[in-house]
Amino acid sequence: MRNEEIEHLQKILAEDPKSKAFAILANLYRENGLMNQALQLCLDGVKYHPDYGSGHLSLARIYLAQGKLTDALKHLVKASQLDPNNLLAYQLLGDTYIELKNVKEGLKAYKMALFLNPKNEKAQKAVRKLEPIEAEDFDADLFELKKTSSVSSRAAHSSMPPQPSTQQNSDLRHSTLG
């Protein structure tokens with residue numbers, strides 16, 4: 001079946017080199033270990049279709065298979081921007097950020113995957129594991145209450161009119177009552 005599918009997609013691309021079928025064919029090439037063909041096909045396809053999220057995702061998967069994490073990251077980010085409902089893009093984005101030691105961005109990606117599919121066990125596990133790590137990054141003094149002198153100086157320079165003195169308040173009461 002795969003060979004027939006590959007031949008069919010190759011025929012489509014031979015007739016129309018700008019077809020979006022490149023992404024599917026590139027995935028099949030990648031799955032069959034034909035990395036150079038997959039890479040070249042995807043690079044050409046993304047040139048023709050720079051706003052095709054699946055093309056960027058296919059290219060990212062090739063880069064991941066080659067261990068080129070920063071190249072993959074660039075295309076995963078683009079794929080998730082172009083198709084914000086692409087669960088696989090967010091999962092791979094989370095994995096890649098974690099591989100690159102960027103816990104904060106990895107956590108964001110996994111949370112987005114969880115938003116798209118709340119039953120996604122991998123994303124659930126990743127969020128549970130990463131949230132405590134991310135919380136450790138906050139400085140303790142960030143949450144400390146500090147008295148600032150600028151509050152009293154701002155009040156002194158406020159545009160509010162001065163309050164009448166106690167004597168003036170008494171005079172005002174007598175004049176309105178009498």
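Attention here is on the structure that accompanies the text. Keep in mind that this is a model prediction, so the values were computed, not measured.

Direction vectors running N to C along helix α4 (residues 53-65) and helix α6 (residues 87-99) enclose 30°, while the axes themselves pass 11 Å from each other. With respect to α6, the element α4 is oriented roughly parallel. Helix-helix and strand crossings are classified by hand; for α4 and α6 the assignment is left-handed. Residues L57, R61 and L64 of α4 touch α6, and the partners they reach there are L88, A89, L92 and T96. Taken together, the residues that form the contact of α4 with α6 break down as five nonpolar, one polar and one charged.

This part is about the nonpolar core. The biggest cluster of nonpolar side chains holds 33 residues, and the ones touching the most others in it are F22, L25, L41 and L93. Contributions of two or more residues to this core are made by α1 (2-15), α2 (22-31), α3 (35-48), α4, α5 (69-82), α6 and α7 (103-116). It is α2 that contributes the most residues to this core, six residues altogether. What F22 contacts, discounting residues up to four positions off in sequence, is L13, L41, C42, G45, V46, H49, Y52 and G55. Within the second largest apolar cluster, five residues are counted, among which are L107, Y110, A126 and L130.

Turning our eyes to something else, we now look at unusual backbone geometry. At K101, a residue that is not glycine, the phi angle is positive and equals roughly 65°. Position of K101 among the secondary structure elements: in the loop between α6 and α7.

This part takes up the pattern of salt bridges. Evaluated as defined, the whole model comprises four salt bridges. Note that K122 is salt-bridged to D95, the shortest N-O span being 2.8 Å. In this pair, K122 sits in helix α8 (residues 121-136) while D95 sits in helix α6, placing the two residues 27 residues apart along the sequence. For K122, a relative accessible area of 42% puts it in the partly exposed group. By relative accessible area, D95 is classed as partly exposed at 21%. Across the pair E131 and K111 runs a salt bridge whose closest N-O atoms are separated by 3.0 Å. In this pair, E131 sits in helix α8 while K111 sits in helix α7, placing the two residues 20 residues apart along the sequence.

Rules used throughout
Residues numbered from 1 in each chain as written. Predicted model: local features only at pLDDT ≥ 70, side-chain atom pairs only at ≥ 80, totals over all residues. Heavy atoms only, no water. Axes fitted to C-alpha atoms, helices over the stretch in contact; angles between N-to-C directions. Helix = DSSP H or I, 4+ residues; strand = E, 2+ residues; numbered from the N terminus. Parallel < 35°, antiparallel > 145°, perpendicular 65-115°, else oblique. Left-handed = near helix turned anticlockwise from the far one by under 90°. Contact = heavy atoms within 4.5 Å. Nonpolar A, V, L, I, M, F, W, Y, C, P; charged D, E, K, R; others polar. Core = buried A, V, L, I, M, F, W, Y, C linked by side-chain atoms within 4.5 Å. Buried < 20%, exposed > 50% of the residue type's maximum accessible area, 1.4 Å probe, protein only. Salt bridge = Lys/Arg side-chain N within 4 Å of Asp/Glu carboxyl O.

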